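# Fold and geometry: a report
Here are the chains, one letter per residue:
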Number of protein chains: 2
Amino acid sequence: MGSSSPNKRRYHHGGLSEALVQAGIDILTEGGIGQFTLRECARRVGVSHAAPKNHFPTVDHLKSEIGARGFEQMVRELAVAADAAAGQSADSRFIAMGIAYVRFATANPAAYQMMFRDQQGFACTPRFLEAAEAAWDQLEEAVAAVIGLDRPDVEARAAHAFALVHGFASLIIDGRLPPDLATDQVIAQSLESLPDALRGVGTA
Amino acid sequence: MGSSSPNKRRYHHGGLSEALVQAGIDILTEGGIGQFTLRECARRVGVSHAAPKNHFPTVDHLKSEIGARGFEQMVRELAVAADAAAGQSADSRFIAMGIAYVRFATANPAAYQMMFRDQQGFACTPRFLEAAEAAWDQLEEAVAAVIGLDRPDVEARAAHAFALVHGFASLIIDGRLPPDLATDQVIAQSLESLPDALRGVGTA
DNA sequence: ACAAAATATTTACAGCGTCAATATTTATGT
DNA sequence: ACATAAATATTGACGCTGTAAATATTTTGT
(Lines give C-alpha, C1' and ligand atoms only; values in the text may rest on other atoms or scores of the structure.)
Protein backbone atom coordinates (compact mmCIF):
# COMPACT_ATOMS: atom_id res chain seq x y z
CA MET A 1 0.00 0.00 0.00
CA GLY A 2 0.99 3.63 -0.15
CA SER A 3 -0.04 4.88 -3.56
CA SER A 4 -2.17 7.89 -4.38
CA SER A 5 -5.26 6.02 -5.50
CA PRO A 6 -7.07 4.08 -2.81
CA ASN A 7 -7.90 0.65 -4.16
CA LYS A 8 -5.64 -0.63 -6.91
CA ARG A 9 -2.24 0.26 -5.51
CA ARG A 10 0.07 -0.95 -8.22
CA TYR A 11 2.47 0.51 -10.71
CA HIS A 12 3.35 4.15 -10.89
CA HIS A 13 0.05 5.88 -10.59
CA GLY A 14 -1.90 2.97 -9.29
CA GLY A 15 -5.00 2.94 -11.43
CA LEU A 16 -4.41 5.61 -14.01
CA SER A 17 -6.97 4.29 -16.43
CA GLU A 18 -9.75 4.55 -13.89
CA ALA A 19 -8.56 7.99 -12.85
CA LEU A 20 -8.63 9.13 -16.46
CA VAL A 21 -12.15 7.89 -16.90
CA GLN A 22 -13.26 9.74 -13.79
CA ALA A 23 -11.45 12.91 -14.85
CA GLY A 24 -13.14 12.66 -18.23
CA ILE A 25 -16.55 12.32 -16.63
CA ASP A 26 -15.80 15.33 -14.44
CA ILE A 27 -14.77 17.42 -17.41
CA LEU A 28 -17.90 16.43 -19.27
CA THR A 29 -20.09 17.22 -16.29
CA GLU A 30 -18.50 20.58 -15.69
CA GLY A 31 -17.79 21.89 -19.14
CA GLY A 32 -19.61 19.72 -21.61
CA ILE A 33 -18.27 17.92 -24.61
CA GLY A 34 -16.39 20.91 -25.93
CA GLN A 35 -14.02 20.87 -22.99
CA PHE A 36 -13.23 17.19 -23.25
CA THR A 37 -9.67 16.54 -24.29
CA LEU A 38 -7.27 13.70 -23.76
CA ARG A 39 -4.62 16.14 -22.66
CA GLU A 40 -6.98 17.82 -20.22
CA CYS A 41 -7.82 14.46 -18.68
CA ALA A 42 -4.12 13.79 -18.24
CA ARG A 43 -3.61 17.24 -16.77
CA ARG A 44 -6.30 16.70 -14.17
CA VAL A 45 -4.84 13.42 -13.09
CA GLY A 46 -1.40 14.92 -12.96
CA VAL A 47 0.39 12.82 -15.54
CA SER A 48 2.04 13.70 -18.79
CA HIS A 49 -0.07 14.06 -21.88
CA ALA A 50 1.27 10.84 -23.35
CA ALA A 51 0.73 8.68 -20.28
CA PRO A 52 -2.82 7.70 -21.26
CA LYS A 53 -1.43 5.91 -24.28
CA ASN A 54 -0.46 2.94 -22.14
CA HIS A 55 -4.08 2.42 -21.12
CA PHE A 56 -6.02 3.78 -24.06
CA PRO A 57 -4.41 3.48 -27.47
CA THR A 58 -6.65 6.26 -28.70
CA VAL A 59 -8.80 8.96 -27.23
CA ASP A 60 -11.80 7.17 -28.66
CA HIS A 61 -11.07 4.22 -26.41
CA LEU A 62 -11.29 6.50 -23.40
CA LYS A 63 -14.52 7.97 -24.70
CA SER A 64 -15.85 4.49 -25.19
CA GLU A 65 -15.02 3.60 -21.62
CA ILE A 66 -16.82 6.71 -20.41
CA GLY A 67 -19.80 5.73 -22.52
CA ALA A 68 -19.71 2.31 -20.87
CA ARG A 69 -20.05 3.88 -17.43
CA GLY A 70 -22.94 5.89 -18.79
CA PHE A 71 -24.77 2.75 -19.89
CA GLU A 72 -24.08 1.07 -16.59
CA GLN A 73 -25.45 3.94 -14.57
CA MET A 74 -28.44 4.32 -16.83
CA VAL A 75 -29.35 0.67 -16.42
CA ARG A 76 -29.15 1.14 -12.67
CA GLU A 77 -31.38 4.21 -12.74
CA LEU A 78 -33.96 2.57 -14.96
CA ALA A 79 -34.06 -0.40 -12.63
CA VAL A 80 -34.64 1.93 -9.71
CA ALA A 81 -37.45 3.64 -11.60
CA ALA A 82 -39.03 0.28 -12.41
CA ASP A 83 -38.78 -0.81 -8.79
CA ALA A 84 -40.35 2.41 -7.61
CA ALA A 85 -43.35 1.58 -9.80
CA ALA A 86 -43.41 -2.05 -8.75
CA GLY A 87 -46.93 -1.96 -7.45
CA GLN A 88 -48.44 -0.49 -10.58
CA SER A 89 -49.43 -1.97 -13.90
CA ALA A 90 -46.92 -3.21 -16.43
CA ASP A 91 -47.80 -0.28 -18.65
CA SER A 92 -47.21 2.23 -15.88
CA ARG A 93 -43.90 0.63 -15.03
CA PHE A 94 -42.88 0.81 -18.66
CA ILE A 95 -43.83 4.45 -18.90
CA ALA A 96 -41.93 5.22 -15.73
CA MET A 97 -38.84 3.67 -17.26
CA GLY A 98 -39.26 5.76 -20.36
CA ILE A 99 -39.47 8.92 -18.33
CA ALA A 100 -36.42 7.86 -16.34
CA TYR A 101 -34.59 7.24 -19.59
CA VAL A 102 -35.10 10.73 -20.89
CA ARG A 103 -34.41 12.15 -17.47
CA PHE A 104 -31.06 10.40 -17.33
CA ALA A 105 -30.10 11.59 -20.80
CA THR A 106 -30.97 15.20 -20.16
CA ALA A 107 -29.33 15.13 -16.72
CA ASN A 108 -26.10 13.75 -18.20
CA PRO A 109 -26.05 15.09 -21.75
CA ALA A 110 -22.33 14.75 -22.33
CA ALA A 111 -22.22 11.21 -21.04
CA TYR A 112 -25.22 10.41 -23.18
CA GLN A 113 -23.40 11.68 -26.23
CA MET A 114 -20.45 9.46 -25.39
CA MET A 115 -22.86 6.56 -25.32
CA PHE A 116 -24.39 7.17 -28.70
CA ARG A 117 -22.27 9.34 -30.92
CA ASP A 118 -18.81 10.62 -31.33
CA GLN A 119 -17.23 7.24 -31.77
CA GLN A 120 -18.12 6.34 -35.30
CA GLY A 121 -14.48 5.30 -35.51
CA PHE A 122 -15.89 2.53 -33.34
CA ALA A 123 -13.09 2.04 -30.91
CA CYS A 124 -15.57 0.20 -28.77
CA THR A 125 -14.16 -1.20 -25.57
CA PRO A 126 -15.38 -4.66 -24.51
CA ARG A 127 -16.88 -3.05 -21.46
CA PHE A 128 -18.77 -0.62 -23.68
CA LEU A 129 -20.19 -3.43 -25.77
CA GLU A 130 -21.23 -5.35 -22.68
CA ALA A 131 -22.84 -2.35 -21.05
CA ALA A 132 -24.65 -1.33 -24.21
CA GLU A 133 -25.95 -4.85 -24.64
CA ALA A 134 -27.08 -4.97 -21.05
CA ALA A 135 -29.05 -1.81 -21.65
CA TRP A 136 -30.59 -3.32 -24.74
CA ASP A 137 -31.51 -6.45 -22.84
CA GLN A 138 -33.16 -4.34 -20.18
CA LEU A 139 -35.15 -2.59 -22.87
CA GLU A 140 -36.23 -5.85 -24.48
CA GLU A 141 -37.35 -7.23 -21.15
CA ALA A 142 -39.36 -4.14 -20.43
CA VAL A 143 -40.99 -4.32 -23.84
CA ALA A 144 -41.67 -8.03 -23.48
CA ALA A 145 -43.38 -7.38 -20.15
CA VAL A 146 -45.71 -5.01 -21.92
CA ILE A 147 -46.53 -6.77 -25.16
CA GLY A 148 -46.41 -10.31 -23.85
CA LEU A 149 -43.52 -12.67 -23.34
CA ASP A 150 -44.17 -14.92 -26.30
CA ARG A 151 -44.14 -12.35 -29.06
CA PRO A 152 -41.68 -12.98 -31.87
CA ASP A 153 -41.15 -9.33 -32.70
CA VAL A 154 -39.75 -8.08 -29.42
CA GLU A 155 -36.67 -6.72 -31.15
CA ALA A 156 -38.68 -4.63 -33.58
CA ARG A 157 -40.95 -3.28 -30.86
CA ALA A 158 -37.97 -2.52 -28.67
CA ALA A 159 -36.48 -0.51 -31.52
CA HIS A 160 -39.74 1.42 -31.74
CA ALA A 161 -39.67 2.32 -28.06
CA PHE A 162 -35.97 3.02 -28.22
CA ALA A 163 -36.40 5.43 -31.09
CA LEU A 164 -39.05 7.41 -29.26
CA VAL A 165 -37.13 7.98 -26.04
CA HIS A 166 -33.81 8.42 -27.82
CA GLY A 167 -35.44 10.94 -30.11
CA PHE A 168 -36.75 12.97 -27.21
CA ALA A 169 -33.44 12.75 -25.43
CA SER A 170 -31.46 13.86 -28.46
CA LEU A 171 -33.79 16.69 -29.36
CA ILE A 172 -33.73 18.06 -25.85
CA ILE A 173 -29.97 17.75 -25.52
CA ASP A 174 -29.49 19.59 -28.79
CA GLY A 175 -32.11 22.18 -27.94
CA ARG A 176 -34.21 21.39 -30.96
CA LEU A 177 -37.66 21.52 -29.46
CA PRO A 178 -39.66 24.74 -29.17
CA PRO A 179 -38.47 26.52 -26.03
CA ASP A 180 -41.98 27.08 -24.75
CA LEU A 181 -42.83 23.40 -24.90
CA ALA A 182 -43.65 21.70 -21.59
CA THR A 183 -41.27 18.89 -22.30
CA ASP A 184 -42.00 16.63 -19.35
CA GLN A 185 -45.66 16.70 -20.07
CA VAL A 186 -45.21 16.05 -23.76
CA ILE A 187 -42.98 13.08 -23.06
CA ALA A 188 -45.37 11.62 -20.54
CA GLN A 189 -48.27 12.04 -22.92
CA SER A 190 -46.36 10.51 -25.81
CA LEU A 191 -45.27 7.56 -23.73
CA GLU A 192 -48.81 6.89 -22.65
CA SER A 193 -49.83 5.71 -26.08
CA LEU A 194 -46.70 3.63 -26.52
CA PRO A 195 -47.74 0.35 -24.86
CA ASP A 196 -50.85 0.09 -27.02
CA ALA A 197 -48.81 0.98 -30.09
CA LEU A 198 -46.25 -1.69 -29.26
CA ARG A 199 -48.96 -4.27 -28.81
CA GLY A 200 -50.21 -3.38 -32.24
CA VAL A 201 -53.73 -2.48 -31.22
CA GLY A 202 -55.75 -2.23 -34.36
CA THR A 203 -53.03 -3.74 -36.50
CA ALA A 204 -53.66 -7.45 -35.93
CA MET B 1 -18.63 37.97 -66.90
CA GLY B 2 -15.30 36.26 -66.82
CA SER B 3 -14.95 34.89 -63.32
CA SER B 4 -14.54 31.29 -62.26
CA SER B 5 -17.95 30.81 -60.71
CA PRO B 6 -20.88 30.91 -63.11
CA ASN B 7 -23.55 33.12 -61.59
CA LYS B 8 -22.35 35.70 -59.09
CA ARG B 9 -19.31 37.11 -60.86
CA ARG B 10 -18.08 39.71 -58.44
CA TYR B 11 -15.07 40.27 -56.27
CA HIS B 12 -12.05 38.06 -56.31
CA HIS B 13 -13.50 34.64 -56.31
CA GLY B 14 -16.99 35.57 -57.19
CA GLY B 15 -19.13 33.72 -54.72
CA LEU B 16 -16.67 32.18 -52.33
CA SER B 17 -19.16 31.64 -49.57
CA GLU B 18 -21.42 29.56 -51.77
CA ALA B 19 -18.43 27.63 -53.09
CA LEU B 20 -17.32 26.88 -49.55
CA VAL B 21 -20.75 25.59 -48.65
CA GLN B 22 -20.75 23.32 -51.67
CA ALA B 23 -17.23 22.10 -50.97
CA GLY B 24 -18.27 21.36 -47.41
CA ILE B 25 -21.26 19.36 -48.58
CA ASP B 26 -19.03 17.43 -50.97
CA ILE B 27 -16.56 16.63 -48.23
CA LEU B 28 -19.34 15.45 -45.96
CA THR B 29 -20.85 13.32 -48.68
CA GLU B 30 -17.56 11.73 -49.63
CA GLY B 31 -15.76 11.35 -46.34
CA GLY B 32 -18.25 11.95 -43.58
CA ILE B 33 -18.03 14.32 -40.69
CA GLY B 34 -14.53 13.30 -39.72
CA GLN B 35 -13.11 14.71 -42.91
CA PHE B 36 -14.83 18.05 -42.61
CA THR B 37 -12.44 20.88 -41.96
CA LEU B 38 -12.51 24.56 -42.67
CA ARG B 39 -9.05 24.36 -44.17
CA GLU B 40 -10.05 21.45 -46.39
CA CYS B 41 -13.02 23.41 -47.67
CA ALA B 42 -10.70 26.27 -48.51
CA ARG B 43 -8.28 23.88 -50.18
CA ARG B 44 -10.98 22.46 -52.42
CA VAL B 45 -12.11 25.86 -53.52
CA GLY B 46 -8.53 26.91 -54.12
CA VAL B 47 -8.25 29.78 -51.68
CA SER B 48 -6.04 30.32 -48.70
CA HIS B 49 -6.97 28.84 -45.36
CA ALA B 50 -7.91 32.24 -43.96
CA ALA B 51 -10.05 33.38 -46.85
CA PRO B 52 -13.26 31.93 -45.42
CA LYS B 53 -13.01 34.33 -42.52
CA ASN B 54 -14.43 37.12 -44.64
CA HIS B 55 -17.61 35.14 -45.22
CA PHE B 56 -17.87 32.99 -42.11
CA PRO B 57 -16.45 34.40 -38.91
CA THR B 58 -16.24 30.90 -37.53
CA VAL B 59 -16.28 27.38 -38.85
CA ASP B 60 -19.56 26.89 -36.99
CA HIS B 61 -21.16 29.51 -39.19
CA LEU B 62 -20.20 27.49 -42.23
CA LYS B 63 -21.55 24.35 -40.63
CA SER B 64 -24.75 26.19 -39.85
CA GLU B 65 -25.10 27.23 -43.45
CA ILE B 66 -24.61 23.64 -44.55
CA GLY B 67 -27.26 22.57 -42.07
CA ALA B 68 -29.57 25.16 -43.58
CA ARG B 69 -29.23 23.59 -47.01
CA GLY B 70 -29.97 20.25 -45.41
CA PHE B 71 -33.23 21.54 -43.98
CA GLU B 72 -34.19 23.11 -47.27
CA GLN B 73 -33.59 19.95 -49.23
CA MET B 74 -35.36 17.84 -46.65
CA VAL B 75 -38.44 20.02 -46.80
CA ARG B 76 -38.42 19.62 -50.56
CA GLU B 77 -38.12 15.85 -50.38
CA LEU B 78 -40.87 15.54 -47.80
CA ALA B 79 -43.12 17.64 -49.98
CA VAL B 80 -42.41 15.34 -52.89
CA ALA B 81 -43.22 12.32 -50.78
CA ALA B 82 -46.48 13.91 -49.65
CA ASP B 83 -47.41 14.74 -53.22
CA ALA B 84 -46.65 11.22 -54.35
CA ALA B 85 -49.20 10.00 -51.80
CA ALA B 86 -51.69 12.70 -52.68
CA GLY B 87 -54.46 10.29 -53.55
CA GLN B 88 -54.29 8.32 -50.33
CA SER B 89 -55.63 8.97 -46.87
CA ALA B 90 -54.22 11.63 -44.60
CA ASP B 91 -52.73 8.93 -42.43
CA SER B 92 -51.00 7.28 -45.34
CA ARG B 93 -49.62 10.59 -46.49
CA PHE B 94 -48.33 11.28 -43.03
CA ILE B 95 -46.65 7.90 -42.82
CA ALA B 96 -45.10 8.41 -46.23
CA MET B 97 -43.60 11.64 -44.99
CA GLY B 98 -42.19 9.91 -41.95
CA ILE B 99 -40.56 7.28 -44.08
CA ALA B 100 -39.17 9.95 -46.37
CA TYR B 101 -37.82 11.76 -43.33
CA VAL B 102 -35.80 8.81 -42.12
CA ARG B 103 -34.75 8.04 -45.64
CA PHE B 104 -33.37 11.52 -46.10
CA ALA B 105 -31.48 11.38 -42.82
CA THR B 106 -29.88 8.03 -43.52
CA ALA B 107 -29.07 8.99 -47.10
CA ASN B 108 -27.36 12.20 -45.96
CA PRO B 109 -26.06 11.35 -42.50
CA ALA B 110 -23.38 14.02 -42.34
CA ALA B 111 -25.73 16.76 -43.47
CA TYR B 112 -28.28 15.53 -40.97
CA GLN B 113 -25.72 15.88 -38.22
CA MET B 114 -25.01 19.42 -39.31
CA MET B 115 -28.72 20.08 -38.98
CA PHE B 116 -29.08 18.79 -35.46
CA ARG B 117 -25.83 18.58 -33.60
CA ASP B 118 -22.32 19.83 -33.67
CA GLN B 119 -23.22 23.48 -33.27
CA GLN B 120 -24.10 23.75 -29.62
CA GLY B 121 -21.98 26.88 -29.79
CA PHE B 122 -25.07 27.99 -31.68
CA ALA B 123 -23.57 30.09 -34.38
CA CYS B 124 -26.88 29.80 -36.15
CA THR B 125 -27.09 31.63 -39.43
CA PRO B 126 -30.35 33.45 -40.18
CA ARG B 127 -30.81 31.11 -43.11
CA PHE B 128 -30.42 28.14 -40.78
CA LEU B 129 -33.06 29.46 -38.43
CA GLU B 130 -35.45 30.11 -41.28
CA ALA B 131 -34.93 26.71 -42.84
CA ALA B 132 -35.27 24.91 -39.54
CA GLU B 133 -38.46 26.77 -38.81
CA ALA B 134 -39.83 25.99 -42.24
CA ALA B 135 -39.20 22.32 -41.55
CA TRP B 136 -40.98 22.61 -38.24
CA ASP B 137 -43.92 24.34 -39.89
CA GLN B 138 -44.11 21.55 -42.42
CA LEU B 139 -44.19 19.05 -39.60
CA GLU B 140 -46.90 20.90 -37.74
CA GLU B 141 -49.02 21.12 -40.86
CA ALA B 142 -48.66 17.42 -41.47
CA VAL B 143 -49.59 16.65 -37.88
CA ALA B 144 -52.53 19.01 -38.01
CA ALA B 145 -53.79 17.28 -41.14
CA VAL B 146 -53.84 14.03 -39.23
CA ILE B 147 -55.20 15.01 -35.84
CA GLY B 148 -57.55 17.73 -37.00
CA LEU B 149 -56.96 21.36 -37.75
CA ASP B 150 -58.56 22.82 -34.64
CA ARG B 151 -56.57 20.99 -32.01
CA PRO B 152 -54.78 23.17 -29.48
CA ASP B 153 -51.92 20.75 -28.86
CA VAL B 154 -50.44 20.55 -32.33
CA GLU B 155 -47.05 21.57 -31.04
CA ALA B 156 -46.93 18.79 -28.48
CA ARG B 157 -48.09 16.17 -30.97
CA ALA B 158 -45.61 17.41 -33.51
CA ALA B 159 -42.86 16.96 -30.95
CA HIS B 160 -44.06 13.40 -30.45
CA ALA B 161 -43.84 12.59 -34.13
CA PHE B 162 -40.58 14.47 -34.44
CA ALA B 163 -39.02 12.45 -31.63
CA LEU B 164 -39.97 9.16 -33.23
CA VAL B 165 -38.51 9.82 -36.66
CA HIS B 166 -35.52 11.69 -35.30
CA GLY B 167 -34.86 8.82 -32.95
CA PHE B 168 -34.87 6.30 -35.76
CA ALA B 169 -32.71 8.54 -37.90
CA SER B 170 -30.16 9.10 -35.16
CA LEU B 171 -29.98 5.48 -34.13
CA ILE B 172 -29.48 4.31 -37.68
CA ILE B 173 -26.88 6.96 -38.42
CA ASP B 174 -24.93 6.00 -35.32
CA GLY B 175 -25.35 2.29 -35.96
CA ARG B 176 -27.09 1.69 -32.69
CA LEU B 177 -29.79 -0.71 -33.79
CA PRO B 178 -29.26 -4.47 -34.00
CA PRO B 179 -27.58 -5.20 -37.34
CA ASP B 180 -30.04 -7.93 -38.23
CA LEU B 181 -33.02 -5.67 -37.81
CA ALA B 182 -35.13 -5.03 -40.92
CA THR B 183 -35.04 -1.32 -40.35
CA ASP B 184 -37.38 -0.19 -43.10
CA GLN B 185 -40.04 -2.57 -41.99
CA VAL B 186 -39.68 -1.62 -38.34
CA ILE B 187 -39.98 2.05 -39.16
CA ALA B 188 -43.04 1.51 -41.33
CA GLN B 189 -44.67 -0.57 -38.66
CA SER B 190 -43.88 1.94 -35.93
CA LEU B 191 -45.20 4.80 -38.00
CA GLU B 192 -48.44 2.98 -38.63
CA SER B 193 -49.57 3.39 -35.06
CA LEU B 194 -48.49 7.01 -34.91
CA PRO B 195 -51.59 8.76 -36.30
CA ASP B 196 -53.84 7.06 -33.78
CA ALA B 197 -51.38 7.82 -31.02
CA LEU B 198 -51.28 11.47 -32.02
CA ARG B 199 -55.02 11.67 -32.04
CA GLY B 200 -55.00 10.33 -28.52
CA VAL B 201 -57.21 7.33 -29.19
CA GLY B 202 -58.19 5.90 -25.84
CA THR B 203 -56.88 8.90 -23.96
CA ALA B 204 -59.84 11.24 -24.28
C1' DA C 1 19.93 -9.56 -7.33
C1' DC C 2 18.86 -9.43 -11.91
C1' DA C 3 16.29 -9.56 -16.18
C1' DA C 4 11.90 -8.59 -18.18
C1' DA C 5 7.71 -6.27 -18.41
C1' DA C 6 4.90 -2.44 -17.45
C1' DT C 7 4.38 2.27 -16.99
C1' DA C 8 5.56 7.30 -17.39
C1' DT C 9 8.17 11.36 -19.53
C1' DT C 10 10.15 14.04 -23.02
C1' DT C 11 10.38 15.64 -27.45
C1' DA C 12 8.60 16.05 -31.92
C1' DC C 13 5.28 16.31 -35.78
C1' DA C 14 1.37 17.54 -38.55
C1' DG C 15 -3.16 19.32 -38.52
C1' DC C 16 -6.60 22.27 -36.74
C1' DG C 17 -9.20 27.10 -35.85
C1' DT C 18 -8.26 31.70 -35.22
C1' DC C 19 -5.99 36.10 -35.35
C1' DA C 20 -3.19 40.20 -36.98
C1' DA C 21 -0.73 42.37 -40.59
C1' DT C 22 -0.37 42.95 -45.30
C1' DA C 23 -1.59 42.87 -50.14
C1' DT C 24 -4.78 43.07 -53.80
C1' DT C 25 -8.96 43.76 -56.08
C1' DT C 26 -13.52 46.01 -56.56
C1' DA C 27 -16.78 49.74 -55.63
C1' DT C 28 -17.80 54.58 -54.84
C1' DG C 29 -17.90 59.68 -54.90
C1' DT C 30 -16.61 63.58 -57.19
C1' DA D 1 -11.10 59.55 -64.84
C1' DC D 2 -9.17 59.30 -60.67
C1' DA D 3 -8.50 59.09 -55.85
C1' DT D 4 -10.23 56.98 -51.95
C1' DA D 5 -12.70 53.77 -49.26
C1' DA D 6 -14.45 49.18 -48.77
C1' DA D 7 -14.31 44.47 -49.62
C1' DT D 8 -11.75 40.46 -50.19
C1' DA D 9 -7.58 37.35 -50.22
C1' DT D 10 -2.77 36.03 -48.62
C1' DT D 11 0.89 35.25 -45.48
C1' DG D 12 2.67 34.06 -41.22
C1' DA D 13 2.07 33.12 -36.53
C1' DC D 14 -0.03 31.30 -32.16
C1' DG D 15 -1.73 27.78 -29.09
C1' DC D 16 -4.18 23.82 -29.13
C1' DT D 17 -5.00 19.00 -30.37
C1' DG D 18 -3.96 13.66 -31.04
C1' DT D 19 -0.38 10.63 -31.97
C1' DA D 20 4.21 8.60 -32.30
C1' DA D 21 9.12 7.38 -31.09
C1' DA D 22 12.83 7.40 -28.00
C1' DT D 23 14.06 7.42 -23.40
C1' DA D 24 13.61 6.94 -18.42
C1' DT D 25 11.64 4.96 -14.38
C1' DT D 26 9.26 1.70 -11.63
C1' DT D 27 7.34 -2.79 -10.69
C1' DT D 28 7.22 -7.78 -11.24
C1' DG D 29 8.94 -12.53 -11.63
C1' DT D 30 12.46 -15.73 -10.82
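Because the structure is a prediction, the values reported are computed rather than measured.

Parameters at a glance
Residues numbered from 1 in each chain as written. Chains lettered and ligands numbered in written order. Predicted model: local features only at pLDDT ≥ 70, side-chain atom pairs only at ≥ 80, totals over all residues. Heavy atoms only, no water. Helix = DSSP H or I, 4+ residues; strand = E, 2+ residues; numbered from the N terminus. Buried < 20%, exposed > 50% of the residue type's maximum accessible area, 1.4 Å probe, protein only. Contact = heavy atoms within 4.5 Å. Areas by Shrake-Rupley, 256 points an atom, 1.4 Å probe, with all protein chains shown as cover. Lys, Arg positive; Asp, Glu negative; His and termini not counted. Charge placed at Lys NZ, Arg CZ, Asp CG, Glu CD. Core = buried A, V, L, I, M, F, W, Y, C linked by side-chain atoms within 4.5 Å. Domains from an automatic or database assignment. Buried area = accessible area lost by both parts, 1.4 Å probe. Salt bridge = Lys/Arg side-chain N within 4 Å of Asp/Glu carboxyl O. Polar contact = N/O pair within 3.5 Å; in protein donor to acceptor, adjacent residues only side chain to side chain. Nonpolar A, V, L, I, M, F, W, Y, C, P; charged D, E, K, R; others polar. Patch = residues over 30% accessible without salt bridge, like charges linked within 9 Å, V, L, I, M, F, W, Y side chains within 5 Å. Near = heavy atom within 4 Å. Expected span 1.5 Å × (residues − 1).

## A look at the overall build of chain A
Each helix and strand in chain A was counted, giving nine helices and zero strands. Put simply, chain A runs from its N terminus to its C terminus through helices and strands in the order α-α-α-α-α-α-α-α-α. Per-residue burial over chain A gives 48% buried out of 204 residues. Considering only contacts within chain A whose residues lie at least 6 apart along the sequence, 64% involve residues at least 24 apart. Roughly 10,000 Å² of accessible area belongs to chain A as shown, and the carbon and sulfur atoms make up 52% of that amount. Chain A carries 18 positive and 24 negative side-chain charges, and their two centres are separated by 9 Å.

## Here's the deal with the nonpolar core
If you look at soluble globular proteins, the nonpolar side chains tend to sit buried side by side. Within the largest apolar cluster, 94 residues are counted, with the highest numbers of intra-cluster contacts made by Tyr101, Val143 and Phe168 of chain A together with Tyr101, Val143 and Phe168 of chain B. Every residue in contact with phenylalanine 168 of chain A, bar those within four places of it in the chain, is listed here: Val102, Leu177, Val186, Ile187 and Ser190 of chain A together with Ala159, His160 and Ala163 of chain B. Among the nonpolar cores identified, the runner-up in size contains 17 residues, and Val21, Ala23, Leu62 and Ile66 of chain B belong to it.

## Focus on the domain arrangement of chain A
All names here are of chain A. Examined at the domain level, chain A breaks down into domain 1 (1-55) and domain 2 (58-199). Placing a centre on the C-alpha atoms of domain 1 and another on those of domain 2 gives a separation of 28 Å. Each partner contributes to the interface: domain 1 provides ten residues, whereas domain 2 provides ten residues. Around 920 Å² of area is buried between domain 1 and domain 2 when both sides are counted, 83% of it from carbon and sulfur atoms. Taken as a group, Val21, Ile33 and Phe36 account for 53% of the area that domain 1 buries against domain 2, more than any other trio of residues on that side. Across the pair glutamate 18 and arginine 69 runs a salt bridge, and its minimum N-O distance is 2.5 Å. If you look at where domain 1 meets domain 2, you find one residue pair in polar contact (both at pLDDT 80 or more). When contributions to the side of domain 1 that touches domain 2 are tallied by element, the ones reaching two or more residues are α1 (16-31) and α2 (38-45). No other element matches the six residues that α1 contributes to the side of domain 1 that touches domain 2. For the side of domain 1 that touches domain 2, the residue count by class is eight nonpolar, one polar and one charged.

## Some thoughts on a negative patch on the surface
On the surface, a cluster of negative charge is contributed by Glu130, Glu133, Asp137 and Glu141 of chain A. Examined against the element boundaries, aspartate 137 of chain A turns out to sit in helix α6 (residues 126-147).

## Thoughts on the protein's contact with DNA strand C
The immediate surroundings of DNA strand C are formed by 22 residues, with Ser48 and His49 of chain A together with Arg39, Arg43 and Lys53 of chain B found nearest. Close to the protein, within 4 Å, the atoms of DNA strand C belong to sugar or phosphate groups at a rate of 67%. One nitrogen or oxygen atom from the main chain of serine 48 of chain A is found 2.5 Å from a phosphate oxygen belonging to DNA strand C. At a separation of 2.8 Å, a phosphate oxygen of DNA strand C approaches a polar side-chain atom of histidine 55 of chain A. With three residues, the top contributor of residues to the surface near DNA strand C is helix α2 (residues 38-45) of chain B. Classifying every residue of the surface near DNA strand C by side-chain character gives nine nonpolar, ten polar and three charged.

## A closer look at the protein's contact with DNA strand D
Residues in contact with DNA strand D amount to 24 residues; listed here are only the nearest, Arg39, Arg43 and Lys53 of chain A together with Ser48 and His49 of chain B. Counting only the atoms of DNA strand D within 4 Å of the protein, the fraction contributed by sugar and phosphate is 63%. The side chain of threonine 58 of chain A places a nitrogen or oxygen atom 3.3 Å from a phosphate oxygen of DNA strand D. Between DNA strand D and asparagine 54 of chain B there is a distance of 3.0 Å, counted from a base nitrogen to a side-chain nitrogen or oxygen. A per-element tally of the surface near DNA strand D places α2 of chain A first, with three residues.

## Things to note about helix α1 (residues 16-31) of chain B
Because an α-helix completes one turn every 3.6 residues, residues spaced three or four positions apart along the sequence face the same direction. Residues and elements named next belong to chain B. Helix length check: α1, at 16 residues, gives a terminal C-alpha distance of 22 Å against a target of 22 Å (1.5 Å per residue), a fit within 8%. If you check which residues of α1 are buried, you get Leu16, Ala19, Leu20, Val21, Ala23, Gly24, Ile27 and Leu28. Next to the buried residues of α1 lie α2, α3 (59-84) and α5 (109-116). Backbone geometry just downstream of α1 places glycine 32 in the positive-phi region, at approximately 80 degrees.

## Description of the pattern of salt bridges
Residues and elements named next belong to chain A. Counted by the stated rule, this structure contains 22 salt bridges over all chains. Between glutamate 40 and arginine 43 there is a salt bridge whose closest N-O contact spans 2.5 Å. Taken together, the residues glutamate 40 and arginine 43, both in helix α2 and three residues apart, mark about one turn of the helix. Judged by its relative accessible area of 23%, glutamate 40 falls in the partly exposed class. Looking at arginine 43, the relative accessible area reads 54%, which means it is exposed. Here the residues in one salt-bridge network are Glu30, Glu40, Arg43 and Arg44, joined through shared partners.

## Re the interface of chain B and chain A
Taken residue by residue, the interface counts 37 residues in chain B and 37 residues in chain A. Across the interface of chain B and chain A, roughly 3,000 Å² is buried in total on both sides, 61% from carbon and sulfur atoms. Considering only the surface of chain B that becomes buried against chain A, His160, Leu171 and Arg176 of chain B emerge as the three largest contributors, covering 18% of it. The tally of links from chain B across to chain A stands at four residue pairs in polar contact (both at pLDDT 80 or more). For the side of chain B that touches chain A, the secondary-structure elements that each account for two or more residues are α5, α6 (126-147), α7 (154-173) and α8 (183-192) of chain B.

## Section: helix α4 (residues 90-107) of chain A
Residues and elements named next belong to chain A. Relative to the 26 Å expected for 18 residues at 1.5 Å per residue, α4 spans 25 Å between its end C-alpha atoms, a close match to the ideal helical length. Among the residues of α4, those classed as buried are Phe94, Ile95, Met97, Gly98, Ala100, Tyr101, Val102, Phe104 and Ala105. Buried-residue contacts for α4 involve α3 (59-84), α5 (109-116), α6, α7 (154-173), α8 (183-192) and α9 (194-199).

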